[in-house]
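Topology and contacts: notes
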Amino acid sequence: MLVSKLPSVGTTIFTRMSQLAAEVGALNLSQGFPDFPSPQPLLDAAVRHLQAGHNQYAPMTGLPRLREAVATKVAALYGRSVSADTEVTIVPGATEAIFCAVQALIRAGDEAIVLDPCYDSYEPAVELAGGRCVHVPLNLPDFSVDWQRLSDAINERTRLIFINSPHNPSGALLSRADLDQLAALIRDRDIYLISDEVYEHLVFDGASHASVLAHDELYARAFVVSSFGKTYHVTGWKTGYVVAPPALTAELRKVHQFVTFVAVTPLQHALADFMVEHPEHIAELPAFYQAKRDLFCDQLAGSRFAFTRTPGTYFQIVDYSAIRPDLDDVAMAEWLTREQGVAAIPVSVFYQQPPAGMRLVRFCFAKREETLLAAGAKLCAI
Ligand code: PMP
Ligand code: GLN
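Residues numbered from 1 in each chain as written. Chains lettered and ligands numbered in written order. Predicted model: local features only at pLDDT ≥ 70, side-chain atom pairs only at ≥ 80, totals over all residues.

What follows deals with the sheet that holds strand E12 (residues 360-364). Read across the sheet, 3 strands follow the order E9-E12-E11 without closing on themselves; strand pairing throughout is antiparallel. A single partner strand is all that each edge strand has here, and the edge strands are strand E9 (315-319) and strand E11 (345-346). Strand direction decides the pairing type here: E11 and E12, joined by 2 bridges, are antiparallel. Each bridged residue has a counterpart across the sheet, and for Ile-345 the counterpart in E12 is Arg-362. (Pairing = 2+ DSSP bridges. Helix = DSSP H or I, 4+ residues; strand = E, 2+ residues; numbered from the N terminus.)

Listed below in structure tokens is the structure:
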């Protein structure tokens, strides 16, 4: 009998809820992905590069011109000059990057701190590397960091801290002052960071993203991970990148070359073309998604769900205490999907120990106007 290395892991909540939504024909506001088309020039570029024969292995570290485009963006947005050769790596998705960074860092017995609720891939990656996750809950209701609890969780076995801003599932943002606090906590310790910034451009109401890339002290010990999937409406392309100082990048690449070796070649070409030819895409992204958030939230204002408009990501958390306080959030997500025709993600699954009585589900508003209006109408009728 094979003894599982991940005994407590099942199929992810995203797969389960998307499957259920398809089965019962519900509007799928659960798993995070757009239901609108990807930018036409990006699709045209992909076809062009497929037809032009760009179908063999790219360089292991990523196409040089795509790494250059990332370095140019990092300089423009975060004021950091990074080497495209030694600090930028193109990867097949942020998930792969996170896994590789964890393998590069974690040894048996090491501890990694995660801030709950946290993205579901972090802990299995740490466990497969022989480490252990220490879970520190974020403060409710605003999902801010409890600095005292984080400080208390750090010990001589701590090797890694995960941060994620804008934060999935809550949308909460870390500020520059938060990053300074974190820097003070780990100063003079042998602790590294994975900064999951896949929603870096999805920040609303005029706020700006406080990237670890703009923080000298934190960047010196960080893997900063981003995802072209979120930024360019192509989650199925599974292409992302990591920016890290040369010594960390070298270790990441040692793992990456034996996990997948490379990201997909024609898609890298297409992304490089699009980044160079359409810099306005990134600039317009906050307003684009803020309009979707507001359309969805304006609808929800007429419902019995309680919420505060999310400051980032394409997710909106809502409290359903006034509707079905008798259901826990897993049951509620299922009820919403089966009985009300709108699929959601329960928030408790992102916790080791969900707060007692928490009644929150997450909706994704990366959807066409008609999907958001149809979902809004159904949610208001409950
Ligand atoms: N981190 C977070 C917080 C995410 O929400 C996602 C989403 N899908 C990922 C990482 C993984 O991104 P990718 O699809 O590029 O692997
Ligand atoms: N990140 C996406 C979400 O939070 C899902 C990605 C996945 O299905 N693994 O919905």
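Let us look at the domain arrangement of the protein chain. According to the domain assignment, the protein chain consists of domain 1 (13-38 + 281-380) and domain 2 (40-277). On a C-alpha basis, the centres of domain 1 and domain 2 stand 25 Å from each other. Taken residue by residue, the interface counts 24 residues in domain 1 and 28 residues in domain 2. Put simply, the parts of the chain that give the side of domain 1 that touches domain 2 at least two residues each are helix H12 (280-300) and E9. Looking at which element gives the most residues to the side of domain 1 that touches domain 2, the answer is H12, with 6 residues. A class-by-class count of the residues in the side of domain 1 that touches domain 2 yields 16 nonpolar, 6 polar and 2 charged. (Domains from an automatic or database assignment. Contact = placed C-beta atoms within 7 Å. Nonpolar A, V, L, I, M, F, W, Y, C, P; charged D, E, K, R; others polar.)

All residues adjacent to ligand 2 are Thr-12, Phe-14, Gln-31, Gly-32 and Asn-168. Across the shell around ligand 2, the residue classes break down as 1 nonpolar, 4 polar and no charged. (Near = placed C-beta within 6 Å.)

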